[in-house]
Structure formats: structure tokens, C-alpha cells
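Results of the structural survey
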Amino acid sequence: MNRVIAVFTKESFLVPLVAIILGLLTGAIAMLAGGFNPIKAYMALLEKVFGSAYNFGETIRQITPLIFTGLAVAFAFRTGLFNIGAEGQFIVGMIASTAVGVSFDLPAYIHAPLAVIAGAVAGGLWGSIAGYLKAARGVNEVITSIMLNWVALYLANWVMNAFFVPAGQQRSEMIHDSAVITIGWLSTMFDSARLHWGTLIAVLAAIFFYVILWKTKSGYELRAVGLNPHASEYAGMNVNRNVVKAMFIGGMFAGIGGACEILGVFHYQAIMTAQPGYGFDGIAVALIGGNTPLGVVLGAILFGILTFGAAGMKFGAGVPVELIRVVIASVIFFVAAHGIVKIFVKPIMKKKKEGGN
Amino acid sequence: MDWGIILSNLVHDTIVFSTALIFASLGGLYSERSGVVNIALEGMMIIGAFTGAVITYAFQDSLAGGAPWIGFLAAGIAGAIFALPHAVASVTFKADQTVSGVALNFLAAGLSVYLTKIIFNGAGQTTTLSSVFGKWSIPYLHDIPYLGHAIFEAYPTSFLAFIMVFFTWYLIFKTPFGLRLRAVGEHPRAADTVGINVKKMRYMAVMISGSLAAWGGATISLTTTSNFSHNTVSGQGFIAIAALIFGKWHPAGAMGAALFFGVAQAIKSLVQIFGLTKYVPTEFIFMLPYVLTILVMAGLVGRSNAPAALGKPYETGSR
């Protein structure tokens, strides 16, 4: 038990925890300013998420893509890259899986995995464009990946319009049943909440993240490059190749996330007028999770609950759903400026030391 | 069809679409020249568009034509205030400037719609403003055939934007203030040694940045859309960043790039009028600015040199 407490009072846990609390407080202040009751609103949020089997299942659905995009950002971060392009990688993953899901007629045990792999490869390749430009031409990956997000959005819309959207419609044809990855029996158990195999793949992806980075030689290289590219170069590692590899693997996570949304949840792709936002939420998730696989899963659970429960706040306390973006923004802000958080944390740490452990 | 009229309209529309980008990319220029990355331009534009619309709405019955001016002014102030957390995080607390910018973009998107819903009884957008900026015509000059309509008939914000380009160029390259600003962004240690207050300069630069970007946002809500909703700005802040890089962190360059991206937008409607979408899908025209920016950054369309200390927090006593 003491070990558990020790883990949670470590700074790596304390900073995000305090940031979350400060974020919720900021949200509460915004609610008070708007004339709402924050306690009632947060209660309504929890009530929405845990109140019924259907809503609980849908919250799990909401959490799943966040794990993927969180992993995509965190993996790149571990190698010293800021992958702000998970959004675009996610979109490209969606389109690739839709293309495979609509175009082919195959037995389910081939079709569904093929569609997921298509999403993974597409996302990986999209990510590696930014990685390649960084490695080969020294271009800042932050700007290129922002630009690539928009290119992905319009490219996806064009591919949709040109090949998969019937004339006069705003969405593609349905993917074939053999490509669907919905889990029927589980869905029935949760009052037909849209549960799918993607959640399991997400957990496996988090484990894969851990194993490849901390248990393999290639992961050691990736981390070394992230910590100190010059020393790694001197030690004989190929820094450029590792940069491209890291962006490919990161993009792969986001791409699978996009594929699972299509194959497991919607079963078609709609023409997008704006960025769906999963990639940007992924940045928040990765930051909160301290760029560790376990942290990402926990961060995704938190953000999934907040975003899904926001509808409950609207219903139960009249608070506009956009308020939750204010909470998430504040949490990211406080994690980024952890110097501010440390001002709040310091007294707690001090007291503990004086306690004479 | 009269090609003169078509061309005249194209130039006119280009100026209309570029105005917001010019303001915002100039805003980015102040911040980045001082060494602080500003990918929060989008958020700052959103705050400007929102404040401009709401304040104009509040005054439109009592002040009529004066209301948009009050709204525009208020947007600038709101932008500076909104930029303050970015300065606190990145200058005082040495936070990752990109992450802090991401947080502000999130905040602006959420906060503006949240407040809109509170003010307008749950509606996601402001009601259409009855008083917005009208176009100004320069006497005599606007009578010139074609050319008059193209450049001597525009919203007051457009004229102001071009004045700001000149003003910024003068300020950055011809005054002691500009020299200090650039020194802080290129070599903060050296600047500190000669007695320039690095932190103060960066705070000021970030707040000016917020004001100008907010003016860019207000330009949109007070001229072309006449209201504020969640998609009023829709990515123009990111194009402004692209314009800044494309324009090599120089005011005239940024203006040129903004005009170029404005043409891309103006052509969009032209392409639709002529039915050219059969040959060039609109999506590719939408994509153009972003693809070009990537090519510029990759050095395929000329090199782009960022300020040397961009993105690096300054610690007193560090080299």
C-alpha cells in the first residue's frame, strides 16, 4: 500500500494530478461566471457517464481513439519529436480503411484485419512525411505536421468525393459487413452501445509501445536519439533513420485509431467540413500521461469521460458542452507550465518531508 | 465576358480575403522575432472575432456606424489580455511554447462558443450584426476604370492593414525598439549583456502579437461574415503562420504571402463561376497554401531562416 502511495506522490504523478484539479477549478469558475452551479454540473457529468449501461459503453467507445492518438503523440515525443500531426494521420487512416472496406469482397477474417492494416500503413506513411522532411532537410516537424493535417483533410474529402461518395450524398457507401469490427455480443450487453475490437487493439498498442521502447534494442536507440541526438550520433546510431521510424510508428498508432472509428463505430466515412479533433485531444492525453503508455491510457480515460459526460452537463445543469474544452485547455496549459503547478505542489511536498519519512 | 471586370473583381476579393491574414501574420512576426513561437494565432484570431462581434452588438443600437470601431478596438485589447497567459507560461515559467500555444487554441475555441451561448440564450452564434464596416472609396481614385474598384474601394480594415505593414517594417528595422526586439530573438544573451530586458521585450511582443491577431479575427466578423460562430476563423490562424514563414519573418514578405493566400481564396469562387471544378477539384485549391508552405520549408522554393533563438526560453546567465 505504501508503495502505491509513493507512486502517486511522486512528482511525475503529482504534477498532472494538480493540473487536472486546477483545470476542473478553472471550469468551475467559468461556470460560476456564467451563472451555473458547478457542483451540480460535475455531478451531472458523472451521472451521464456511469448512469446507464449504454452510456458507459459509449464512453468506452469515446476513450478508444484517444488512446491511439495519445500513443501517436507520446511515441514521437519519446524520440524528441513533437507530433502535432496525429489529426492528419488519423484522417488518412480513416480513408484508407474506408477504401479497403468498400472496395473489396473478402472473407471477414482477411477483410477486417486488412482494413485495419491499411489504416496503420497509411497513417504511418503520412507521419513519416514529416519525419522525412525533418531528417533530410531539417524542417521543424511542428509546422509541417500542422500543414499536413489540413492537406489530409482536403485530400480525404477529394478521395471520398471522387471514388466513394454516391452523387449528391455527403458520406461514403457503407463498408462491407466482412470489414466491420463491431463486437455484437458485447454491444448487446451494453444496450447496443457501439463497442468494437478497436478497444482491445488500443490496449495491445499500449503494451506494444512499452515493449518496443523499453525491451528492444531498436527502442533503446529511439529513446537515446530522443534524449540526446548528438551523443547518439557519436555512438554510431543513425539519427535520421530513427526520426523517420519514430514518426512512422507514431503515425501508425493514429492511423489504426482512424481505421477503428470507421470499421467499429460509423461503418462509413462522411465528408468533413472541419478537423474531427481526435489528434488534438491526443496531444492533451499524451501530455497528461507524461508520455508513458500507462499514463496515456489513464489520460484517455479522463478525457473520454469529460468529453462524453459534457452532454450530461448540458442536460442536467444547462451548461453548454463547450465548457469542457475550457477545462481541457486549462489542464494542457497547467501541464505545459508546470512551473505554475509546482508553486501549488511545493507546500505538499514540504509537509511530507517534515513528516519525517 | 469582360476580362477587365473579372480581373478587377479578383484583385478586390484578394484584398478582402488577405486583410485578416496580414494582421495575423504581422502579429506572429512580433512574437517570433522576439523568440517566442506563436502557434496560438488561430486562438487569438478567434478571441478577436468573438470580442469584435459581441462588443459591436452591444453598441450597435446606440452608436450605429461607430459601433464596429468600438468592437474593433475592444478586440485588440481582448487579444492582448488573452495572449498574456502565453507570455507568462513561455517567458516566466519557460514552458514548451508549442504546447502552451496549443492550449490557448483549445481555450479560445471552447471559451468563445461557451460565452456566445450564454450571451445569446443558447445559440451557437451571434445574431447578424446590423452595423458592420462599410467599404470606403478613395475620392477620385476610385473612379479610375477597373483599377478603382480593384484597390481604391475597400473596407477600412484593409487600408489599416497595409498601413500596419509599413509601420511594422519601420518599427522593426528603423527604430531602437525594433533593434532590441530582433536582438532578443536572435541572441538573448548578448541582448541581456548590453542591458536589454529580455523578459520585458518578450512580454510586450507576445501581447502586441495578440492584439494584431485579434484584429485579424475581428476583420472577419466585422466585414465578411457579419457575425461570430465556431467556424468564423476556421484555420486562418494557421495560414497566417504559413504566411509568416513563407514571408521569411519580414513584414513585406508576410504581406506578400498573405496576398498570395488571399488570391488562392479569391480564385476559389472564380473557379466555381467558370465551372473549372471539372478540371481542378476545389479540394486541391484549398490544399494549395499548405502544400506550398511545406515546399517552402523543405527549401524547394527558397530558404526560410527563422530567428535564431526561436522557441528557446531564456535563462538569465545562460549562453
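Since the structure is predicted, the reported quantities are computational estimates derived from the model, not experimental observations. (Residues numbered from 1 in each chain as written. Chains lettered and ligands numbered in written order. Predicted model: local features only at pLDDT ≥ 70, side-chain atom pairs only at ≥ 80, totals over all residues. Heavy atoms only, no water.)

1. Examining the overall build of chain A
Rules: In this text, helices come from DSSP runs of H or I with a minimum length of four residues, and strands from runs of E with a minimum of two, each type numbered from the N-terminal end. Relative accessibility under 20% of the residue-type maximum defines a buried residue, over 50% an exposed one, and the middle range a partly exposed one, all with a 1.4 Å probe and only protein chains included. We call two residues in contact whenever any of their non-hydrogen atoms come within 4.5 Å of each other.
Scanning chain A from terminus to terminus reveals 16 helices and zero strands. Principal-axis analysis of the C-alpha atoms places the extent of chain A at approximately 70 × 60 × 35 Å. Relative to its 357 residues, chain A shows a buried fraction of 56%. Within chain A, contacts between residues separated by at least 24 positions form 77% of all contacts whose residues are at least 6 apart in sequence.

2. Topic: the packing of helix H3 (residues 67-92) of chain B against helix H4 (residues 97-119) of chain B
Residues and elements named next belong to chain B. Rule in force here: Angular values range over 0 to 180 degrees, each being the angle between N-to-C directions of two axes fitted as lines to C-alpha atoms, with helices fitted over their stretch in contact. Should an angle fall under 35 degrees it is taken as roughly parallel, and over 145 as roughly antiparallel, whereas 65 to 115 is taken as roughly perpendicular and any remaining angle as oblique. In this scheme, a crossing is called left-handed if the near helix is turned counterclockwise away from the far one by less than a right angle; it is called right-handed if the turn is clockwise. Amino acid classes used here: Ala, Val, Leu, Ile, Met, Phe, Trp, Tyr, Cys and Pro are nonpolar; Asp, Glu, Lys and Arg are charged; the rest, including Gly, are polar.
Following both chains from N to C, one finds H3 and H4 inclined at 155 degrees, their axes separated by 9 Å at the closest point. Comparing the axis directions of H3 and H4 gives the class roughly antiparallel. Relative to H4, the crossing made by H3 is right-handed. Listed contacts from H4 to Phe82, Pro85, His86, Ala89 and Ser90 of H3 are Gln97, Ser100, Gly101, Leu104, Leu107 and Ala108. For the contact of H3 with H4, the per-class residue count stands at six nonpolar, five polar and no charged.

3. Here's the deal with the packing of aromatic side chains
Residues and elements named next belong to chain B. Operational definition: Only Phe, Tyr and Trp rings take part, Trp by its six-membered ring, and two of them pair if their centres are within 6.5 Å. Stacked means planes under 30 degrees apart, edge-to-face means over 60, and tilted covers everything else.
Applying the stated criterion across every chain, the model contains 33 aromatic pairs over all chains. Here Phe50 and Phe228 contribute two aromatic rings whose centre-to-centre distance is 5.6 Å and whose plane-to-plane angle is 75 degrees, an arrangement assigned as edge-to-face. Of this pair, Phe50 sits in helix H2 (residues 41-63) while Phe228 sits in the loop between helix H9 (198-224) and helix H10 (236-246), and the two are 178 residues apart along the sequence. Side by side, Phe50 and Phe228 carry an identical accessibility label, which is buried.

4. Quick look at the pattern of salt bridges
Two side chains of opposite charge can pair, provided their charged atoms sit close to one another. All names here are of chain A. Stated precisely, the cut-off is as follows: When a carboxyl oxygen of Asp or Glu is within 4 Å of a side-chain nitrogen of Lys or Arg, the pair counts as a salt bridge.
Inspection of every chain in the model, using the stated rule, returns six salt bridges over all chains. Glu58 serves as the salt-bridge partner of Arg61, at 2.8 Å between the closest nitrogen and oxygen. One end of the pair is Arg61 and the other is Glu58, both in helix H4 (residues 53-78) and three residues apart, which spans about a single turn. Residues Arg61 and Glu58 agree in their burial class; the two are buried. Overlapping salt bridges bring together Glu58, Arg61 and Arg194 as one network.

5. Description of the environment of Ile283(A)
As for its placement among the helices and strands, Ile283(A) is situated in helix H13 (residues 278-288). Setting aside chain neighbours within four positions, we find Ile283(A) in contact with Val73(A), Phe82(A), Ile84(A) and Val102(B).

6. A look at the layout of surface pockets
Heads up, the rule is: The definitions used throughout rest on a 1 Å grid laid over the protein atoms alone, on which a cavity is an enclosed set of points accommodating a 1.4 Å probe that cannot get out and a pocket is an open set flanked by protein within 12 Å on both sides along at least five of seven lines; lining residues are those having an atom within 4 Å of a point. Grid points are joined across faces, edges and corners, and a volume is the space filled by probe spheres set on the points.
The volume enclosed by the second largest pocket comes to roughly 1,300 Å³. Lining the second largest pocket are 47 residues, and of these Lys134(A), Val139(A), Asn140(A), Glu141(A) and Val142(A) sit closest to its centre. Put simply, the parts of the chain that give the lining of the second largest pocket at least two residues each are H4, helix H6 (108-137), helix H7 (141-164), helix H10 (217-227), helix H11 (229-234) and helix H12 (239-266) of chain A together with H4 and H10 of chain B. When residues of the lining of the second largest pocket are assigned to their parent elements, the largest contribution, four residues, is made by H10(A). For the lining of the second largest pocket, the residue count by class is 25 nonpolar, 12 polar and 10 charged.

7. Regarding empty space enclosed by the protein
All names here are of chain B. On inspection of all chains with the given rule, the structure shows one cavity of 30 Å³ or more. Empty space within the largest cavity amounts to approximately 40 Å³. Around the largest cavity, the lining residues are Val36, Ser90, Val91, Gln97, Val198, Lys199, Arg202, Pro313 and Tyr314. Those elements giving two or more residues to the lining of the largest cavity turn out to be H3 and H9. A per-element tally of the lining of the largest cavity places H9 first, with three residues.

8. Digging into H4(A)
All names here are of chain A. Heads up, the rule is: Take the number of residues in a helix, subtract one, and multiply by 1.5 Å to get its expected span.
With 26 residues, H4 extends 37 Å from end C-alpha to end C-alpha; this agrees with the ideal 38 Å at 1.5 Å per step. Among the 26 residues of H4, 20 are classified as buried, and the element is accordingly described as predominantly covered. Gly80 sits one or two positions beyond H4 and adopts a positive phi of about 80 degrees.

9. Structural notes on the nonpolar core
For clarity, the threshold we go by: Among buried residues, those of type Ala, Val, Leu, Ile, Met, Phe, Trp, Tyr and Cys that are joined through side-chain atoms within 4.5 Å constitute a nonpolar core.
Core analysis: the largest hydrophobic core is formed by 203 residues, its most contacted members being Phe75(A), Phe303(A) and Val319(A). Ranked by the residues each element gives to this core, the list is headed by H7(A), at 14 residues. Apart from residues lying up to four places away in sequence, Val319(A) is in contact with Met31(A), Phe36(A), Ala41(A), Met313(A), Lys314(A) and Tyr114(B).

10. Some remarks on the environment of Met160(A)
Position of Met160(A) relative to the elements: it lies in helix H7. Non-local contacts of Met160(A), meaning those with residues more than four positions away in its chain, are made with Ile95(A), Thr98(A), Val165(A), Ser172(A), Gln269(A) and Ile271(A).

11. A short note on the UniProt feature "transmembrane region" (unreviewed entry) in chain B
Residues and elements named next belong to chain B. Note the threshold: UniProt positions are given in the numbering used here, feature names are shortened, and annotations may be inferred rather than shown by experiment.
In the UniProt entry, the feature "transmembrane region" (unreviewed entry) is given for residues 6-27, 39-60, 66-89, 101-120, 154-173, 203-222 and 284-302. Counted over residues 101-120, helix gives 95% and strand 0%. Its end C-alpha atoms are 28 Å apart. Annotated as 90% helix and 5% strand, the span residues 154-173 places its first and last C-alpha atoms 28 Å apart.

12. As for the confidence of the model for chain B
For the record, the criterion: What pLDDT conveys is the predictor's confidence in a given residue, as a value from 0 to 100.
Here chain B averages 90 in pLDDT, while 96% of its residues score no lower than 70. With pTM at 0.90, the complex prediction returns an ipTM value of 0.87.

13. As for the interface of chain B and chain A
Here is the rule: Each of two parts loses accessible area, computed with a 1.4 Å probe, when they are put together; buried area is these two losses added.
Taken together, the contacts link 39 residues of chain B with 43 residues of chain A. Here chain B and chain A share an interface that buries about 3,500 Å² over both sides, 84% of which is from carbon and sulfur atoms. Where chain B meets chain A, there are one salt bridge. Notably, a salt bridge pairs Glu322(A) with Lys117(B), separated by 3.0 Å at the nearest N-O pair. Among the secondary structure elements, those contributing two or more residues to the side of chain B that touches chain A are H3, H4, H10 and helix H12 (282-297) of chain B. The biggest single contributor to the side of chain B that touches chain A is H4(B), with 13 residues. A per-class count over the side of chain B that touches chain A returns 28 nonpolar, seven polar and four charged.

14. Points about unusual backbone geometry
Residues and elements named next belong to chain B. Positive phi, normally seen in glycine, also occurs at Tyr146, with a value near 60 degrees. The phi torsion at Trp249 lies on the positive side, around 60 degrees, for a residue other than glycine. Along the chain, Trp249 falls in the loop between H10 and helix H11 (251-274). The class of Trp249 is buried, set by a relative accessible area of 6%.

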